[in-house]
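# A closer look at the structure
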Amino acid sequence: MRMSCCLLDFCRVQELRQVRDFLFPSQKPASAAATAVSEESKDQTGEKNELTWDDSDWGSWEAPDTKEDATTAEEEVQQGAPWLQDCVLSLSPCSDLLVIAREHKAAFLSAKWQTDDSGREEMTLAVSWSGTLSSEEGECVSSVICIPLASQKRSSTGRPDWTCIVVGFSSGYVRFYTENGVLLLAQLLNEDPVLRLKCRTYEIPRHPGVTEQHEELSILYPTALVTIDGFSLFQSLRACRNQVARGLEGAQDCTLTAAAGSDVVQPPPLAYKKWGLQDMDIIVDHGSVGVMTLNVFDQMKNASILGGFHASVKGSPPAMSQYITVGGGPFTGFYYAVEGSSQPLLSHVALAVASKLTSALFSAASGWLGWKNKNEEEPAQKQKPKVEPATPLPVRMQYGLPDSRRHGESVCLSPCNTMAGVTDDFGRVTLLDVARGIAIRMWKGYRDAQLGWVQVSEARGEREIATSPSMPRRHAQFLVIYAPRRGILEVWGTQHGPRVGAFTVGKHCRLLYPGYRLMGVNSVTSQGWHLHTQQVCLFDPTTGVLRSITVPFHLALSDKKSERAKDMHLLKRLAALLKSRELDPALMESEAQTILLEIKHPAIKKQALESMLTNKNAPVSCLTNVTRALLANLKEQDPEAVDESLLQLCSSQLKLLQLYTDVQLLHTPDSSPTETESFSVAGIEEDLARIGPILRRYAELNSRPSVSFAQDPEGPLPVRAFLSQLVCEGGELRVVRGPDTDWTHLGSFLFWGCLSGQSPLERVCETLQQSGISPQQLLSLLLTVWLNREKEILKRADAIRNLHILLNTLSSMKGAVEESWDVQCISPWWQQVRNACVQSESAGAAMLAGLVAHRAAKSSITSLAESKFQADWECVSLELEQWVVCVRQLEDVLALQTLLSLPPPQGSPGGAVPRCSVKSLLESGRGGVADSVAKLVFRQDSAPEVLQDIVRRRVGEHNSEESVEQLLQQPVEEKDGIKKLEELLACVCQRFPHSLAPDVLWAHCCWEYVVQWNKDPEASAHAELYYIECFNNNAVYSNIGRYLEWSVEYLKMISSPHIQLGISSMMWNTFIVKRFSAAAFLMEKVGKAPKDRLCRRDVGMGDVAMTSFLGSCVQLLQTLMEVSPSSFLPPYPLFSKADSGVEEVCVPELCMEEVWGAADGPASIAELALQQKAVHYPLVQHHCLLASLQHAAMSFSLRLKPLSLFDSKGKNAFFRDLTSIQLLPSGDTDPNLVAIRQEFLMQVLTGWVKAVGDAEDSGSSKTGREIDWPAVCMELASLLHVSVDILRRHLVWELYNQGLDLRAEEVMLEVEDKDVLGSQLLVLIGQRLAFSLLHSETQTKATMELLARLPPTLCTWLKAMDPSELRCPSVPLQQSSRLVSRVIEMLPENHAQYGIALHLLETVDSLQENE
C-alpha cells in the first residue's frame, strides 16, 4: 500500500510529432506541406489510416519526411511543445481514446498494447483517425469531450462498448462522431458559438436519501445553456450507430434538427431543455450540479428574505436543477430551474418562473433525428434548421459572488458535486461551497491554473473502531492544481486540509479531468460492475507520457498531531535504514528495534515488521532479536489492547527464525556427522549390479556441462526466502509450495547436507520433527532435492545410503505411515514416493530413489507382517506389487532416456535432448516409445538402410541380456556414433519388444520424416549424402528433399501390408496431395517446367526440391498400389508390381508390454494406420500416371500441360479422395490427345538419351539410384494408349543419333516393325557417310577418288543428306558398317531402298580399306 502521493506512468502517446504537423501545417517542411495540400481530399473522406511509430507519412500527410536523428527529433518536439496549448484536448475517462483538435482538423488516438524492450506490456495511444470535422464554411472546433457508452450485454463487467466524440463548433453546431470519424448526428440548438461541453453520468448514491442524479449533456453558449437528457441521448446514439453499422446510405448525414422530423422512420427522439442565462455580462464556463431539494428551514429562510412577512410557503419543497457559471458581472452565478410544473418556492417569483417553464417542456418535436430519404434530391441551398427560443432563467443574486474586477476563467465541480474550484484572471484559485454558494478557501499565485479532483475511498478495515459493521465507507476529496507557469503539480486536501503532494513537472503539460464516467449506466446495470476509469491525468507533450495521480486515503486525516502521520514517518525511517548496506548489524538491530517499539498503530507496526523480515540485508540474528523484543513488548501490554494478528505474526515468525538458525548450525562445517560406522542397504547391491552398466552410460552421456545464470541461487538459502515459504498456523509449521526453483532451494537447505554426508542425519531429522512440519511435506522436499540435483547425486557413492536412512527416519515419524494401514492396501506414504519418481524426468535419480524406496518399503512391510503373522510366512502385498511394476518402469525409462541422450552428429538437425518420464510415457499412449525413438533417429540422421541393418542384426537375433551388457561395459570413447546407437537401441528394443516392433518403428520413423519434410521441404540430410542427378543441365545437386525420400524408404520397409496401406493413405491426405495438386495446376498454367520463383510461390519449394518431391510422389503411389486390391487389372512392372496381399494377410495385433499396459493417450501411428479405409486401385494408378508425367517434365525441363493430356473424365478424377470410386477414362481416346502424349514421351526419351550421352562423354559414374526412364516411358505408353513400338523405334534412332550404338542394338531387338526402322536408320547412315565424304575437313585423296567412283544416284542421295542433325556425327566406320549390315538384314530384298543399302555397305567397306 502506497503511503504518499505519486505520479504513475500508465500510457504513452505515440506520433505526437505527426499530430503537430497535421494540425499546424505551417511548421512542416515545404515538401511535406505541399503533399498535405494535395492529400486534403483524403482527410475529408474520414477513412481510417494504418499508422506506425516510425512512419512519418500517415493520415493526410502521406509525404516522405526527411530522416532525422533521434536527438534532432527530440529537440524539435520539445521546442514545439507549446503548440498543445493552442489545441482542444479531451481524454476518455477510460483512457482508451484521446482527441486533439485545432480549428477544423482533429486527430483521434486509440489505445493499443505493445511489448517494450524488457518484455513488459504497456498501453500506448496511436492515431486511429485524422481528418477534417467542420462542415460549415468558416467554423472551427471550440470544445470536445469523449463519452464512453456502456455495453448493454449481460456479460459486461464495466468496460465501454464504444466511445462517442462530441464536438462543439463556433457555428453553434454540436456533432457526434464514432471513434473512426463517422458522423452520427448533428444538432443546431443555438446560433452562437459553443463555449463548453460538459457531461454528467450516473453515480451510485453514497448515502440513503441522497437524490439520484440523472445523466445529461450540457452545452454552454454565450447567453444560453442547453441540457440534453442522458437516456434520450444514449438511445439516439445507439440507434444512429446501428444504422451506420448496417451501411445504409446517408447514415453519416444523419442530423438532428430543432424542427419537426420528416415522414421517414425516425430513431428515438432527443429530449432537451434550453435556458436563457440572464443577469451576467460574460459567461465562459459552467457546471451542472444536478437536481437538488431544499430542506424546510432553507425554504422558510428564503421565503422570509425574498417575500417578506406575508410570503407563503408550500408544504413540499420543489426539486430544482442547479447550474454554476463563471465569467464577469457577477464573477460567479448560481442558477436554479424548477423541475416540471410543481408549486413555486416563493409565490411572486415562482409564478413568473412557472409561467415561463410551461413553454420549456421536454420537447420531442424539437429533438427529432432527421433521416434524409435516399431518393430525395439534395436541395440547391442548405437551409439551417429552426432554432427554438430559450426560456429565460435569472441568476439568484443572493447566491452569486459579485466582483466587478474579477473575471472567472473555469469552474471544476468535485465528484460528489459539493464543492467547486474556480480559476480567475487574478491568478487565484477559489474553492466554493456549492450548497451554500460561498467561497470557503482561496489560493493565490496560480495564474493560468488547471484544476482537477481526486476522490479516494477508505480501505476496508482501515478504521480502528467501527460503530456498526454496515457503516458506509468514508470518502476523501483532494483538489489537484497544475500551475503551468511554475511547472508544478500540487494536491491539496479539502476543505481546509494541507498540501499533501507536490511534483515538479513540465511547463507545457495539460491536466485532463473528465469529471464523468460511463454513460448508459443505472442502478440496475451497475450492480457488480468494476468501472475502470481514471479520475485525473497529466499529459506531458515533451515525452508523450500520460500519468495518473494516486493519493492514499490517510492523507486526508493527517495533521501535525496525528499518530498515524508519526507512524508513517517512522515507517519511512525504517525503510531508509533497511536500504543502507554499509550499516553495522548491531546498529541496525538497535535502530530497528527502537523504531518498531515507537510505532503505535498495529497495522503500521505489522507492515514495518513484514518489511524488515523480507529485507535481504538484515542478518538472521538481527531479525530474531528484534522480533523477540517486539513480542515481549506486546505481552507486557494489556491483552485486550493488543492486536491479535500482530501477536500471532511475531510468535510464528520467531519460531521460523529459530528453526532456520538451528538448521543452519547443523549444516556448518564444524558439525561433523556422528554416524561413523559403515552401513549398507540390504539387497541394493544386486539391483545396482543389474542396472549398473546402463546407469554408468546414462551418467556419461548426461555429464556434459550445462548453462547456468548469475541469478540462479547457489549459496545458502536467504532467511527471507525461508520465511516466505513457511507459515505457522495453530502452532504447526506448513510449507507453502512456490515455484520449483524456490522449492528445490528450500529442500537443499534442509536435506542436502545430509545427502552429501556433511551433516548429522539423525539430529537434522530430529530438529525437523520437533518443528512440526508434516512428514509428507518433508518427504516431498527430500525427493525434490534428490531428483533435481541428479548430476551431483550420481557422483556421490554414499548418497544412496544416506537417502535410505532419511527415508526410514521420515517413515518412522508420527503421521507418516498410518498405524491402521493394511499391508494388502496401497499406502499413501509410499504412493507419494512413487508419484514423485514416475513424474520426474531425471531418469537416473528417479531409478535410484525407486530402488531405495522399494527396499525401505519391503523392509517396513516385512517387519509389520512378522508382527501380525507367523515369521516363516512370506508376505505378499499389493504395495510390493506396485513397487515391482514401478521399478521395472523406471528401469525401462532409464534405458530409453539413455538412448535419447545420444548427442547428434555434427551438422545434423540436432536440437534439445528430449526428457521423458514414466508419467509422460503413460500419457503419450501406446505409441509414445516408438515416437520418441523415431525422433531420436531423425536427430541422429541415420539412413534407413543403416537403421534396418542395426535392427536386423540386433533385434532379429534376439540378443540375450548378457550380450547387451557386454556391449554396455565397453568405454563410450572407443565407439563411433553408429556403434553407440546400435548398442543402446538394442538395449531399448530388448526392454520394449512390442512397442518397438520393426513395423511399428518403421511406421513412426516414416511419419517423423514426412512431418519434418513438411516443415522444411528443402531440408537435406547430412549423415550419408546422396545425390540427385538432374539431367536438364547435367549438374549434381545435394540431397534436397531427402527427408521425404527417406520417409518413403521407411514406408517400403514395413512388412505388414495393412500398416503400409494406412500410412501411405495418411501421408497422401495429410501432406502430399495439397502440394501435388498445386504443382499440377502450376505446370498446367505455365505449360512447362516452372522456374524456381514460381515453384516457391505456389508449391512452397524450389524447382530442384519440387523435382525430388514429384519423384517421391511416384514412389509413394507405387507403394500404395502394391498393397491395393488390383487383381482385376493387368499387371505392370512399375505401376502394379504385384497383386495385393492385404486380403490374404491377417491384420497385425499391436501389443504392449505388461508393465506398460496402463498407457492411455492418443492412438499410435500404427493404430491409426489400421483404421484407414482401403483405396480404389484405378484412382491411385491414375494419380501415379500424372505424377510420373510431372516428374519427367521437371527432370528434363520439358514443355508440358499435364492435365491437358487427359480428357474431361480424367481431369475430374484428379485430387479426389483415393477411397472413392470415380469415373475414369475409357479405352477410346481422341487421336489428337494420343498424338500429344506420344510427342511428350518421345521428348522424354530424347532427354534421357542426351543425358546419358553427356554423362558418358564427361566420364561421370552412376550412383546406382537412376530411374530407368525408357522402361517408365514404355509403361506410360501402355497406360496412355500410345504405340510402344513407335517409342522403341524413336529410342533406337535417338541412341544411334547420340552414337550409343551398343545400347541401340539392345533396344532394336524388341522392335516389331523392322521395315520402318530400317528406313529410318538408312537415313541416319546416309548422314554419317555424308559427313565423312562431303563435310569432313580432313578429306584425303582416297576419299575423293571413292566419291568419284560412287554411282550418280547414290552420290546425289548422299549430297541431299544433312549431317548437322546428328548429335554425334564422328562415329567409327566399324560401327557404321555394323549398322548398315543390320539395316540390310531388316529390309526385304524387294524394298525400294534395298539397293541403296547395298551401295552404302560397299561404300563403308571401301572407306575402311582406305583407312
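Residues numbered from 1 in each chain as written. Predicted model: local features only at pLDDT ≥ 70, side-chain atom pairs only at ≥ 80, totals over all residues. Heavy atoms only, no water.

Right, let's get into the pattern of salt bridges. If you walk through the whole model with that rule in mind, you get 41 salt bridges. Linking aspartate 403 and arginine 406 is a salt bridge whose minimum nitrogen-to-oxygen distance equals 3.0 Å. The exposure class of aspartate 403 is partly exposed, given its relative accessible area of 27%. Note that glutamate 490 and arginine 486 form a salt bridge whose closest N and O atoms lie 3.5 Å from each other. In this structure glutamate 490 comes out as buried when scored by relative accessible area, which is 1%. With relative accessibility at 43%, the residue arginine 486 sits in the partly exposed group. (Salt bridge = Lys/Arg side-chain N within 4 Å of Asp/Glu carboxyl O. Buried < 20%, exposed > 50% of the residue type's maximum accessible area, 1.4 Å probe, protein only.)

Quick look at the state of the cysteines now. Defined simply, a disulfide is a covalent bond joining two cysteines at their sulfur atoms. On inspection of all chains with the given rule, the structure shows zero disulfides. Note on cysteine 1113: no disulfide assigned, nearest cysteine sulfur contributed by cysteine 1184 at a separation of 9.7 Å. Note on cysteine 1113: relative accessible area 1%, which makes it buried. (Disulfide = S-S within 2.5 Å.)

So, on to the confidence of the model for the chain. With 80% of its residues at a pLDDT of 70 or more, the chain shows a mean pLDDT of 80. Of the regions scoring below 50 in pLDDT, residues 248–265 engages in 54 contacts with residues more than four places distant in sequence or in other chains. Below a pLDDT of 50 lies the segment residues 1136–1140, which in the model reaches 17 contacts outside its immediate sequence neighbourhood of four places, other chains included. (pLDDT = per-residue confidence, 0-100. Contact = heavy atoms within 4.5 Å.)

Now for helix 39 (residues 1301–1308). Taken together, the buried positions of helix 39 are Asp1301, Ala1304, Glu1305, Val1307 and Met1308. The buried residues of helix 39 occupy an angular sector of 165 degrees when projected down its axis, which confines them to one face. Among the exposed residues of helix 39, those oriented more than 90 degrees off its buried face are Leu1302 and Glu1306. Here the buried face of helix 39 lies against helix 38 (1284–1298), helix 40 (1314–1333) and helix 43 (1373–1386). (Helix = DSSP H or I, 4+ residues; strand = E, 2+ residues; numbered from the N terminus. Arc of directions from axis to C-beta.)

It is worth spelling out the pairing of strand 9 (residues 183–188) at this point. The two faces of the sheet receive side chains in turn, since in a regular strand these alternate between them. Counting buried residues along strand 9, six of its six residues qualify, which places the element largely inside the surrounding structure. Note: strand 8 (residues 173–177) against strand 9, five bridges, orientation antiparallel. Residue pairing across strands places tyrosine 177 opposite leucine 183, the latter belonging to strand 9. (Pairing = 2+ DSSP bridges.)

Below, the discussion takes up the sheet that holds strand 22 (residues 428–433). Spatially, four strands are ordered 20-21-22-23 in an open sheet, and the strand pairing comes out antiparallel. On the outer flanks of this sheet lie strand 20 (408–413) and strand 23 (438–444), each paired with one strand and no other. Within the sheet, the average angular offset between the axes of one strand and its neighbour, ignoring direction, is 20 degrees. In this structure, strand 20 lies alongside strand 21 (residues 419–424), joined through five bridges in antiparallel fashion. Its bridge partner lying in strand 21, leucine 413 is registered against alanine 420. (Axes fitted to C-alpha atoms, helices over the stretch in contact; angles between N-to-C directions.)

One open sheet holds the three strands; their spatial order is 15-16-17, and the pairing between them is antiparallel. Among the strands making up the open sheet, the edge pair consists of strand 15 (282–293) and strand 17 (332–338). This sheet shows a mean twist of 20 degrees between the axes of neighbouring strands, independent of strand direction.

Here we take up unusual backbone geometry. With an omega of 5 degrees, the peptide bond running from glycine 329 to proline 330 counts as cis. Inspection of the secondary structure assignment puts proline 330 in the loop between strand 16 (319–328) and strand 17. Cis geometry is adopted by the peptide bond preceding glutamine 495, which originates at threonine 494 and carries an omega value of 10 degrees. Topologically, glutamine 495 is positioned in the loop between strand 26 (488–493) and strand 27 (499–504). We note that asparagine 417 has phi near 60 degrees; this positive angle belongs to a residue other than glycine. Relative to the assigned elements, asparagine 417 resides in the loop between strand 20 and strand 21. We note that histidine 1281 has phi near 65 degrees; this positive angle belongs to a residue other than glycine. Along the polypeptide, histidine 1281 turns up in the loop between helix 37 (1269–1279) and helix 38.

What follows concerns the packing of helix 39 against helix 43. One way to put it is that helix 39 packs onto helix 43 with a least axis distance of 11 Å and a crossing angle of 15 degrees. Of the possible angle classes, the one that applies to helix 39 and helix 43 is roughly parallel. Note that helix 39 runs across helix 43; the crossing there is left-handed. Contacts between helix 39 and helix 43 involve Asp1301, Glu1305 and Met1308 on the former and, on the latter, Gln1375, Arg1378, Arg1382 and Met1386. For the contact of helix 39 with helix 43, the residue count by class is two nonpolar, one polar and four charged. (Parallel < 35°, antiparallel > 145°, perpendicular 65-115°, else oblique. Left-handed = near helix turned anticlockwise from the far one by under 90°. Nonpolar A, V, L, I, M, F, W, Y, C, P; charged D, E, K, R; others polar.)

Per the stated rule, a full pass over the model turns up 21 aromatic pairs. Ring centres of phenylalanine 992 and tryptophan 1156 lie 6.0 Å apart, and the angle between their planes is 40 degrees; this geometry places the pair in the tilted category. Of this pair, phenylalanine 992 sits in the loop between helix 27 (977–991) and helix 28 (998–1015) while tryptophan 1156 sits in the loop between helix 32 (1103–1122) and helix 33 (1165–1170), placing them 164 residues apart in sequence. Each member of the pair, phenylalanine 992 together with tryptophan 1156, is buried. Among the aromatic side chains, those forming a connected cluster through ring pairs are Phe938, Trp1002, Tyr1009, Tyr1043, Trp1046 and Tyr1050. Here arginine 175 stacks its cationic end above the ring of phenylalanine 169, 4.6 Å away from the centre of that ring. Stacked on the ring of tyrosine 446, the Lys or Arg arginine 486 has its end atom at 5.0 Å from the ring centre. (Phe/Tyr/Trp six-rings, centres within 6.5 Å; stacked < 30°, edge-to-face > 60°. Lys NZ or Arg CZ within 6 Å of the ring centre and 35° of its normal.)

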